[in-house]
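The chain contents come next:
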Amino acid sequence: MNETPPLPPQSGSTPGPPGGEPYALTFDVPYPDRDLDRVSTGFRIFTIIPIAIVLAAVGGGYEGFFGRGAAAGGGILFLPALLMILFRRKYPRWWFDWNRELLRFSNRVGAYLLLLDDRYPSTDEQQYVRLELEYPDVPTELNRWLPLVKWFLAIPHYIVLLFLHIALFLAVIGAWFVILFTGRYPRGIFDFAVGVMRWTNRVGAYAFVLVTDRYPPFRLAP
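> Just checking my understanding: could you explain the overall build of the chain for this structure?
The secondary structure content of the chain amounts to nine helices and two strands. Expressed as a percentage of its 222 residues, the buried residues of the chain come to 47%. Taking as baseline every contact in the chain between residues at least 6 positions apart, the subset at least 24 positions apart corresponds to 72%. Accessible area of the chain: about 10700 Å², with a carbon and sulfur share of 68%.

> I'm lost on the packing of aromatic side chains in this one. Help?
Where two aromatic rings form a pair, the distance of their centres and the angle of their planes describe that pair. This model, assessed by the stated rule, comprises twelve aromatic pairs. Their ring planes at 75° and their centres at 5.0 Å tell us that Phe96 and Tyr135 sit as a pair that is edge-to-face. Here Phe96 is found in helix α5 (residues 93-113), whereas its partner Tyr135 is found in the loop between β2 (130-133) and α6 (138-141), with 39 residues between them in sequence. Plain terms: the ring middles of Tyr112 and Tyr120 are 5.2 Å apart, the flat faces sit at 75° to each other, and that makes the pair edge-to-face. Residue Tyr120 is classed as partly exposed on the basis of its relative accessible area, which comes to 34%. Ring pairs connect the aromatic residues Trp199, Tyr206, Tyr215 and Phe218, which therefore count as one cluster. Directly above the ring of Tyr135 sits Arg93, whose terminal nitrogen or CZ lies 4.4 Å from the centroid.

> I keep staring at the environment of Gln126 and nothing clicks. Help me out?
Structurally, the position occupied by Gln126 is in the loop between α5 and β2. C-alpha of Gln126 to C-alpha of Asn107: the two residues are 19 residues apart in sequence and 9.8 Å apart in space.

> Would you take a moment to explain α5 for this structure?
Helical geometry note: an α-helix holds 3.6 residues per turn, so side chains three or four residues apart project in the same direction. Spanning 21 residues, α5 covers 30 Å between terminal C-alpha atoms, matching the ideal 30 Å at 1.5 Å per step. Burial within α5 is extensive, with 17 of its 21 residues counted as buried. Positioned one or two residues after α5, Leu115 has a phi angle of 70°, which is positive.

> How should I be thinking about the side chain of Arg108 in this particular structure?
Within the fold, Arg108 resides in helix α5. Despite being buried, Arg108 has no salt bridge partner; Glu101 is the closest side chain of opposite charge, sitting 5.5 Å away. For Arg108, the residues in contact, after removing those within four places along its chain, are Pro121, Ser122, Thr123, Asp124, Glu125, Gln126, Gln127, Tyr128 and Val129.

> Just checking my understanding: could you explain a negative patch on the surface for this structure?
Taken together, the side chains of Glu21, Glu134, Asp137 and Glu141 present a region of like negative charge at the surface. For Glu141, the location among the structural elements is in helix α6.

> Honestly, the packing of helix α8 (residues 155-182) against helix α9 (residues 187-207) in this entry has me stumped. Any pointers?
The axes of two packed helices give the description: the angle between them and the distance between them. One way to put it is that α8 packs onto α9 with a least axis distance of 10 Å and a crossing angle of 150°. Classed by the angle they form, the pair α8 and α9 counts as roughly antiparallel. Two packed elements cross with a definite hand, and for α8 against α9 that hand is left-handed. Of the residues in α9, those in contact with His157, Tyr158, Val160, Leu161, Leu164, His165, Ala167, Leu168, Ala171 and Ala175 of α8 are Ile189, Phe192, Ala193, Val196, Trp199, Thr200, Val203 and Ala207. Classifying every residue of the contact of α8 with α9 by side-chain character gives 15 nonpolar, three polar and no charged.

> What is the right way to look at the confidence of the model for the chain in this model?
Regions with low pLDDT carry predicted coordinates that are not meant to be interpreted in detail. On average, residues of the chain score 88 in pLDDT, and 84% of them reach the 70 mark or higher. Taken together, the stretch residues 61-73 has pLDDT below 50 and engages in 40 contacts with residues farther than four places along the chain or on a different chain.

> Would you mind going over the pattern of salt bridges with me for this structure?
Pairs can form between side chains of opposite charge once their charged atoms are near each other. In the structure shown here, the tally under the stated rule is 13 salt bridges. Linking Glu101 and Arg104 is a salt bridge whose minimum nitrogen-to-oxygen distance equals 2.8 Å. With Glu101 and Arg104 both in helix α5 and three residues apart, this pair spans about one turn of that helix. An identical accessibility class is assigned to Glu101 and Arg104; each is buried. Ionic pairing is found between Asp191 and Arg187, a salt bridge with its closest N-O pair at 3.0 Å. Here Asp191 and its partner Arg187 are both found in helix α9, four residues apart, which amounts to about one turn of the helix. Connected through salt bridges with shared partners, the residues Arg93, Asp97, Arg100, Glu101, Arg104 and Glu132 form a single ionic network.

Calculation notes
Residues numbered from 1 in each chain as written. Predicted model: local features only at pLDDT ≥ 70, side-chain atom pairs only at ≥ 80, totals over all residues. Heavy atoms only, no water. Helix = DSSP H or I, 4+ residues; strand = E, 2+ residues; numbered from the N terminus. Buried < 20%, exposed > 50% of the residue type's maximum accessible area, 1.4 Å probe, protein only. Contact = heavy atoms within 4.5 Å. Areas by Shrake-Rupley, 256 points an atom, 1.4 Å probe, with all protein chains shown as cover. Phe/Tyr/Trp six-rings, centres within 6.5 Å; stacked < 30°, edge-to-face > 60°. Lys NZ or Arg CZ within 6 Å of the ring centre and 35° of its normal. Expected span 1.5 Å × (residues − 1). Lys, Arg positive; Asp, Glu negative; His and termini not counted. Salt bridge = Lys/Arg side-chain N within 4 Å of Asp/Glu carboxyl O. Patch = residues over 30% accessible without salt bridge, like charges linked within 9 Å, V, L, I, M, F, W, Y side chains within 5 Å. Charge placed at Lys NZ, Arg CZ, Asp CG, Glu CD. Axes fitted to C-alpha atoms, helices over the stretch in contact; angles between N-to-C directions. Parallel < 35°, antiparallel > 145°, perpendicular 65-115°, else oblique. Left-handed = near helix turned anticlockwise from the far one by under 90°. Nonpolar A, V, L, I, M, F, W, Y, C, P; charged D, E, K, R; others polar. pLDDT = per-residue confidence, 0-100.

As structure tokens, then:
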């Protein structure tokens with residue numbers, strides 16, 4: 001799988017971090033500064049079904065954009081990557097590419113479900129969802145033993161994200177009504193939705209994709 005170059009900045013996107021080293025996973029969705037398709041928005045719960053079935057077939061146990069998945073045979077390659085880091089101190093590049101592309105695909109479907117855009121999710125093109133992962137130099141950047149406990153160390157994030165996802169569900173219902181009447185996505189709810197997705201993906205990159213030992217920040221912002 002070929003490396004996909006980062007997408008150039010677009011108008012309306014969330015600005016980058018004000019300073020400091022960026023996290024190993026970066027995520028953003030540009031704000032659609034236009035009227036969204038009200039028919040597509042109104043029937044989103046139905047129009048998403050075909051691509052959700054495709055994602056379920058490809059993901060094989062992968063759960064949305066939370067960063068969890070099956071150990072093998074589809075989904076995020078968590079257990080194989082853990083064993084390779086532990087015993088061989090390497091992360092096969094094609095496993096990394098698979099995990100990254102599955103994350104990208106899943107987030108496109110997630111962004112569509114959250115009404116962040118009305119363009120139907122592509123199975124291969126990045127479209128409007130920007131997700132980048134840094135390929136780790138395992139011998140120098142990753143502790144071989146830490147992957148055994150990362151899922152446990154991330155428990156505080158799971159608790160916070162549980163409440164954030166409940167709040168996001170209610171907020172998106174409100175955004176759905178606003179879009180139906182005005183055609184526009186409320187900017188505050190949009191930024192909140194992108195922030196929750198960003199936080200969720202960072203936790204996934206740390207605890208399940210295993211590309212970094214840096215603990216995820218407790219924040220919605222880049």
